[in-house]
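These are the residues of each chain, in order.
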Amino acid sequence: MLTGKEEDQGTRALRVLCHILAGAAIALFSSVLLMFFMSLAVSGGWLQESLMPQLTVAACVLGGLIGGMTAVKRQRTRGLLLGIGVGVCFFLLLTTIGFLCFDGMSVENGGAAILAGCLCGGAMAGLLGGGRSGKKKSAARRKKTRLAR
């Protein structure tokens, strides 16, 4: 039989995992949308075709940032771990889709750069959005003003 504390910890873990998966799905959607607009720019002649590997990594960074920010905004605690979790899950989604659409997945085709982009985007989201809550900020501000007097 589970006690209330163990049950509460299980629901917290489930909530965090749901936020990570939702953030990874948002990251995937925003990355695909960014890649669509980048491909329009390449086909329109505004960008060179030789820039596609860099544009792919940039789309992964921005997608990881957008998905990580949504996950971190929903779950305020442990922002960096949550952002990195979104980056890892986003990379796994990209790898799975790439493996299903194409016959194989190799690291030589830019997989390491895409992994680094996903992780960097998620980590940036965790660092930028993982601030303290309003209660803690106001308590720290009051304490600082008391010490200044």
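Residues numbered from 1 in each chain as written. Predicted model: local features only at pLDDT ≥ 70, side-chain atom pairs only at ≥ 80, totals over all residues. Heavy atoms only, no water.

A look at helix H3 (residues 79-101)
As a reminder, the rule being used: Secondary structure elements follow DSSP: runs of H or I of four or more residues count as helices, runs of E of two or more count as strands, with numbering from the N terminus. A helix is expected to reach a length of 1.5 Å times the quantity of its residues less one. Only protein chains enter the accessibility calculation, which uses a 1.4 Å probe. A residue is then buried if its area is under 20% of the maximum for its type, exposed if over 50%, and partly exposed in between.
Helix length check: H3 (23 residues) gives 33 Å between terminal C-alpha atoms against 33 Å at 1.5 Å per residue, within 8%. When we look at burial in H3, the residues that qualify are Gly79, Leu82, Gly83, Gly85, Val86, Gly87, Cys89, Phe90, Phe91 and Gly98.

Overview of the nonpolar core
For clarity, the cut-off: Throughout, nonpolar core names a set of buried Ala, Val, Leu, Ile, Met, Phe, Trp, Tyr and Cys residues whose side chains join them through atoms within 4.5 Å. Contacts are residue-level and defined by heavy atoms, with any inter-residue pair within 4.5 Å sufficient.
Residues Ile20, Leu82, Phe90 and Cys118 are the most contacted members of the largest nonpolar core, which totals 13 residues. Of all the secondary-structure elements, those providing two or more residues to this core are helix H1 (4-44), helix H2 (52-74) and H3. Examining the composition of this core, we find that five residues originate from one element, H3, more than from any other. The residues touching Ile20, leaving out its near neighbours within four places in the chain, are Leu82, Gly85, Val86 and Cys89.

A look at the packing of H3 against helix H4 (residues 111-129)
This is how the line gets drawn: As a rule, the C-alpha atoms of each element are fitted with a line to give its axis, helices using only the stretch in contact, and angles between N-to-C directions run from 0 to 180 degrees. Working rule for angles: under 35 degrees goes down as roughly parallel, over 145 as roughly antiparallel, 65 to 115 as roughly perpendicular, anything else as oblique. In this scheme the handedness of a crossing depends on how the near helix is turned from the far one: anticlockwise by less than a right angle means left-handed, clockwise means right-handed. For this classification, the nonpolar set comprises Ala, Val, Leu, Ile, Met, Phe, Trp, Tyr, Cys and Pro, the charged set comprises Asp, Glu, Lys and Arg, and every other residue, Gly included, is treated as polar.
Look at H3 against H4: their axes get within 7 Å of each other, and the N-to-C directions meet at 150 degrees. Taken as axis vectors, H3 and H4 run roughly antiparallel relative to one another. Taken as a pair, H3 and H4 cross one another with a handedness that is right-handed. Contact residues: Gly79, Leu80, Gly83, Ile84, Gly87, Val88, Phe90, Phe91 and Leu94 in H3; Gly111, Ile114, Leu115, Cys118, Leu119, Gly122, Ala123, Gly126 and Leu127 in H4. Classifying every residue of the contact of H3 with H4 by side-chain character gives twelve nonpolar, six polar and no charged.

Overview of the environment of Pro53
Checked against the element boundaries, Pro53 lands in helix H2. Of the residues examined, Pro53 reaches a relative accessible area of 53% and is grouped as exposed. In this structure the C-alpha to C-alpha distance between Pro53 and Gly110, which are 57 residues apart in sequence, comes to 7.5 Å.

Looking at the confidence of the model for the protein chain
To keep it simple, the criterion reads: Confidence scores labelled pLDDT are given residue by residue by the predictor and lie between 0 and 100.
Chain-level statistics for the protein chain give a pLDDT mean of 83 and a share of 79% at 70 or above. Of all helices and strands in the protein chain, the one with the weakest mean pLDDT is helix H5 (residues 134-148) (63), whereas H2 scores best (91).

Observations concerning the packing of H2 against H3
In contact at an axis separation of 9 Å, H2 and H3 are set at 130 degrees when each is read in the N-to-C sense. Considered as vectors, H2 and H3 are oriented oblique to each other. Judged by the twist between their axes, the crossing of H2 over H3 is right-handed. Each of Cys60, Gly63, Gly64, Gly67, Gly68, Ala71 and Val72 in H2 lies in contact with H3, whose residues at this interface are Gly79, Leu82, Gly83, Val86, Phe90 and Leu94.

Regarding the side chain of His19
If you trace the backbone, His19 turns up in helix H1. Given a relative accessible area of 14%, His19 falls into the buried group. Apart from the residues within four sequence positions on either side, His19 is in contact with Ala71, Arg74 and Gln75.

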